[in-house]
Amino acid sequence: MTNTATTDRPDMIEFRDVHKYYGDYHALRGITATIKAGEFFSLLGPSGCGKTTLLRTIAGFESISSGVVLIDGKNMEGVAANVRPTNMVFQSYAIFPHLSVEENVGFGLRRDPMSKADKAKAVAEALEMVGLKGYGKRAAHALSGGQRQRVALARALILKPKVLLLDEPLSALDKKMREQMQVELIRLQRQVGITFILVTHDQEEALVMSDRIAVMFEGQIAQLADPETLYRRPNSRKVADFIGTMNFMPAKILSENGKVEVEAMGFGRVELDASQVMGSGSGEVSVGLRPETLTILFEGQTATDRESMATVEEVVYYGDMTYYDLRLDGADHPVRISMRNVFGRPVLDIGARTRVAWSPGALVLFR
Amino acid sequence: MKFPILRSYAIIYLLFLYAPIILLPIFAFNDSKIVAFPLSGFTTEWFGQMWADSQLRIAAKNSLTIAVVTATLSTILGIFAARASVRYDWKGKGPIIGLITLPLVLPEMIVAMALLTVLLSMGISLSIWTIILGHVLVCTPFAVVILTAAFQSLDRSLEEAAYDLGESAASTFRLIILPLVMPGILSSFLICFTISIDEFIIANFLGSGQPILSVYIFGNFRFPARVPSMMALGTVLVLLSITLLIIAEYFRRRGIAKTGGKDTGGFL
Amino acid sequence: MSGSAWERFRRSEAASGYLLVSPPAIYVMLLLAAPMATVLFFSFLTSTGGSVSTPFTLQNYAEVWSGRIYQAIMMRSLWVSMSVTLVTVLLAYPIAYFISFNVSPSKKSLWLFLITIPFWTSYVIRVSLWRVILGYDGIVDSTLMSVGLASEPVNILSNGVLSIVITLAHAYAPFAILPIFVSLEKVDRSLLEAGQDLGESRFVTFLRVTLPLTMPGVIAAVLIVFIPTVGDYITPELIGGGKVPMIANVIESQMLKQRDQAMGSALAMTVMLIVAAVSVAFVLLNRRFLGARK
């Protein structure tokens, strides 16, 4: 999903040390970031982290207490929401219940000087783009959740905004519909080429859809990166924990000169690249690794890199996958790993002893 | 039935509630000056007598004027207060909205006397306009309560969406908010209208003696000879208010159907 | 700096709120708060033939609180409106219970509609009708006599308090039923099943679960009936024939007939004090019920 071309694109949105207070509550604590033109950008974080507030400062629904928000190079201070080059798809979709589908979609054209026929054409095109051709005359309240979502998209896109803001747009849909809409949103974004900014608390959704993701905790951006970097090289234990599953093992730094040599529980001595070392604190040190980076070695298989012995403590069978809790020899707690179930390969029992393969390159050191 | 006792009690209770109203048409058409059983034949004389009374026509016209003006003003004030309380955050909301809705829990006589004292000491002469002043005071709390509920059921993001799509605050109000709270505005208007038509104490003490419907009825019921024609008048008024109720209910349901909401019960 | 602070306020939420609320707020200040303040002021002044003047005095209150006639009328007003409240709420509870528990959900709004219809007809007409129904040779009398249950007119109307209670219990019925109904609707039905599951009888479950849970509704009903009935004017006037005056009638007569505004003001303030005291007592009672549940 990573679109490497985005890095050379011009900036569409720039935050410079943005702060927002609600009374004594400090909702945004110094946000500094840029979002590129044509990028699919996600704001990801748990509820209350400030992601929706940040989105609403772009839309102009929230004023900021200090700092600067630029859209397409223009300072947005004092620019009201109704004249900003942004449009929003709301979490509740905010479909006007007393208007028909086409009246909803054409709502933003009311003040446009174009002819009635042109407006009707634009509405029809917008509806076709979101796959609702022929739905124009329907009453808005008679639509299903997915259809409302499409109407909301068409209504926002018809104005050709520079930025489309999406506030948890998929959270009200069921799982199947959500997955379908994820794919459609990606297709739509490529088709129109507009900057999309998505707010979500669903890490999987963010990983699937985004060019880049800003992970937010407590009013601050913890890490801003493309999905792969975010997954493989999370810059803190907190980010690692929020995105997918990560196993942590206590570790000790032995030496440090360019490369870092550590002694990690269960893994022994490992030499890590500087790019694998996160943080600069002097407190607790641990290594983390993703479940799929440890592989059980079955008979006849050999490790390409490092190999350890482990005991199976728990087995959870998921059909296509099996999750194991393995206690590496010398470790005081197990690691959770995932194995794809391949035809002819046995599922291990609790208590079984097994060899596991891993690679130091998959480890991340947090300190 | 699971609870025959409770059900019979409910039916007896309904009879008790409806007893006076059922008696209205019976004695309105009963050919006797005395309102008592047994009945003594059919007549429309009382309706004729009622219609012939020019005082009644003046009273009805006055009351109608008062009620329409009161309902309009109260509903407008109610829209202001409800919108301010639901949509915006400001200090002192509780006490100020409390003060506006205070007449709900004040004995009407006290409101009337306090107002009268001030009006007289300011040298303002009483008229139907002083009655309207009082009625607006008493009706506005009802409007505020009804309209607050209407505004609360409005999704805030609808308003933001319209604004986001380029409308101004004023056109958003006109295009989105107003149509969606219209059922609330209508029921507020109707309830204020009914309360005003019904109201006696303010109409009696803040008026300058010109006939007002409730005061007229109050006065006429004291004379036994006038009671049958009051029965006729009562019948007409009951029919009118039931018609009004049905119209209001129709609009309410249509409003719900239009916005696709769920019917959550009665008018009140 | 103050200019920009003002600028910020002008664009703020609070400013929009104050701007919007100001028409009704100013209205209520001018036509309610100011008059009430005037009445409070008058109540400490001395009456001088149709007007009021200084010196300030507590004499009016002393008279209201110790004068025999006033005391008697206060006590009667309280007694009548408490009886009305008690009767109305007791009669209303089973109806609310019936609609909430025994009527199928689709018919509930019809029942509520049926109960509120009489409320939509003129209050004066309804009260006047009870006069006709209960009066000497009225509908009750003529019916009883024609079926032979009574040999001479019973004339319930001559019993002022009884007929006032009947009339007001009728007039305020929907006001009592609705809040109780709302609180009954909120009762989690599985709690009742739990109660019965634990071996309680239906009646004991009602006493130990349903009734305590619906106390807030009952208290709301009590207040909604009590407050307006204390200050009711029409019913004592029409039904009691002026022979059973209540506070409102006395205030009116002081203010308008005796033209003693100071005394009338003191009476009005006293009534407000009593109403406020009763309301606060019930609200506190309600808190205790809510607290006890936690």
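Residues numbered from 1 in each chain as written. Chains lettered and ligands numbered in written order. Predicted model: local features only at pLDDT ≥ 70, side-chain atom pairs only at ≥ 80, totals over all residues. Heavy atoms only, no water.

## A short note on the overall build of chain B
For clarity, the cut-off: Numbering of helices and strands runs from the N terminus, with a helix taken as a DSSP run of H or I at least four residues long and a strand as a DSSP run of E at least two residues long. Residue-level accessible areas treat just the shown protein chains as cover; the underlying method is Shrake-Rupley with a 1.4 Å probe. Positive residues here are Lys and Arg, negative ones are Asp and Glu, while His and the chain termini are left out of the count. Taken as the charge centre is NZ of Lys, CZ of Arg, CG of Asp or CD of Glu, depending on the residue.
A count of helices and strands for chain B gives 11 helices and 0 strands. The linear arrangement of helices and strands in chain B, starting from the amino end, is α-α-α-α-α-α-α-α-α-α-α. Along the first, second and third principal axes, the C-alpha atoms of chain B reach 70 × 65 × 35 Å. Within the structure as shown, chain B displays about 11600 Å² of accessible surface, and the carbon and sulfur contribution to it stands at 70%. The average position of the 18 basic charges and that of the 14 acidic charges among the side chains of chain B differ by 2 Å.

## Concerning the sheet that holds strand S4 (residues 66-71) of chain A
All names here are of chain A. The condition that has to hold: Two strands make a pair as long as DSSP finds a minimum of two bridges between them. Here a residue-residue contact requires only that any non-hydrogen atoms of the pair lie within 4.5 Å. Inter-axis angles, ranging from 0 to 180 degrees, are taken between N-to-C directions of lines fitted to C-alpha atoms, where helices are fitted over the stretch in contact.
Across the sheet, 4 strands lie side by side as S2-S1-S4-S5; this open sheet has antiparallel pairing. Looking at strand neighbours, the two that pair on one side only are strand S2 (25-36) and strand S5 (74-75), the edges of this open sheet. Relative to S4, strand S1 (residues 11-22) runs antiparallel, the two sharing 5 bridges. Bridged to Glu-14 within S4 is Leu-70. Those strands touched by helix H1 (residues 51-59) are S1, S2 and S4, and its axis lies near 120 degrees from that of S1.

## Focus on the interface of chain C and chain B
Note on interface size: it is often stated as the accessible area lost on association of the parts. Threshold: Buried area: the accessible area, evaluated with a 1.4 Å probe, that two parts lose upon being put together, summed over both parts. In what follows, salt bridge is the name for a side-chain nitrogen of Lys or Arg lying within 4 Å of a carboxyl oxygen of Asp or Glu. Definition of a polar contact: a pair of N or O atoms within 3.5 Å, with one able to donate and the other able to accept a hydrogen when the atoms are protein atoms, and with sequence-neighbouring residues admitted only if both atoms are side-chain atoms.
Contacts between the two partners involve 78 residues from chain C, matched on the other side by 75 residues from chain B. In this assembly, chain C packs against chain B so that about 7200 Å² is buried in total across both faces, 81% of it on carbon and sulfur atoms. Considering only the side of chain C, the residues that lose the most area to chain B are Leu-20, Tyr-27 and Trp-120 of chain C, jointly responsible for 11% of the buried surface there. On inspection of chain C and its partner chain B, the count reaches 1 salt bridge. In this structure, Glu-237 of chain C engages Arg-222 of chain B in a salt bridge whose closest nitrogen and oxygen atoms are separated by 3.6 Å. Across the chain C-chain B interface, the total number found is 8 residue pairs in polar contact (both at pLDDT 80 or more).

## Focus on the side chain of Asp-260 of chain C
Residue and element names in this part refer to chain C. In plain terms, the rule: For the exposure calls, accessible area comes from a 1.4 Å probe over protein chains only, and a residue counts as buried if that area is under 20% of its type's maximum, exposed if over 50%, partly exposed in between.
Looking at the secondary structure, you find Asp-260 in the loop between helix H13 (247-257) and helix H14 (261-293). Residue Asp-260 is classed as buried on the basis of its relative accessible area of 19%. Not counting the four nearest positions on each side in its chain, Asp-260 is found in contact with Ser-47, Gln-254 and Met-255.

## As for the arrangement of the chains
With 2 pairs of chains in contact, the largest contact count belongs to chains B and C. In this structure chain A stays clear of chain C, and the shortest span between their C-alpha atoms is 10 Å.

## Description of the UniProt feature "transmembrane region" (unreviewed entry) in chain B
Residues and elements named next belong to chain B. In plain terms, the rule: UniProt positions are given in the numbering used here, feature names are shortened, and annotations may be inferred rather than shown by experiment.
The UniProt feature table records "transmembrane region" (unreviewed entry) at residues 9-28, 64-84, 96-119, 126-151, 171-193, 200-218 and 230-251. For the annotated span residues 64-84, helix accounts for 100% and strand for 0% of the residues, and the straight-line distance between the end C-alpha atoms is 30 Å. Along residues 230-251 one finds 100% helix and 0% strand; the C-alpha atoms at either end are 31 Å apart.

## Points about the UniProt feature "domain: ABC transmembrane type-1" (unreviewed entry) in chain B
When the UniProt feature table is mapped onto this chain numbering, "domain: ABC transmembrane type-1" (unreviewed entry) sits at residues 60-248 of chain B. Here residues 60-248 of chain B runs as 79% helix and 0% strand, with 21 Å between its end C-alpha atoms.

## Comments concerning the pattern of salt bridges
Considering all chains together, one arrives at 33 salt bridges over all chains under this definition. Glu-167 of chain B is paired through a salt bridge with Arg-110 of chain A; the nearest N and O atoms lie 2.8 Å apart. In this pair, Glu-167 of chain B is assigned in the loop between helix H7 (156-164) and helix H8 (169-198) and Arg-110 of chain A in the loop between helix H2 (101-105) and helix H3 (116-129), connecting two distinct chains. Given a relative accessible area of 37%, Arg-110 of chain A falls into the partly exposed group. The residue Glu-185 of chain C makes a salt bridge to Lys-108 of chain C at a minimum N-O spacing of 3.0 Å. One end of the pair, Glu-185 of chain C, is in helix H9 (residues 173-186); the other, Lys-108 of chain C, is in helix H5 (residues 105-116), and 77 residues separate them in sequence.

## Regarding the domain arrangement of chain A
Threshold: Domain boundaries shown here were taken from an automatic or database domain assignment.
For chain A, the domain assignment lists domain 1 (4-232) and domain 2 (245-367). Each of domain 1 of chain A and domain 2 of chain A was reduced to a C-alpha centroid, and the two centroids are 39 Å apart.

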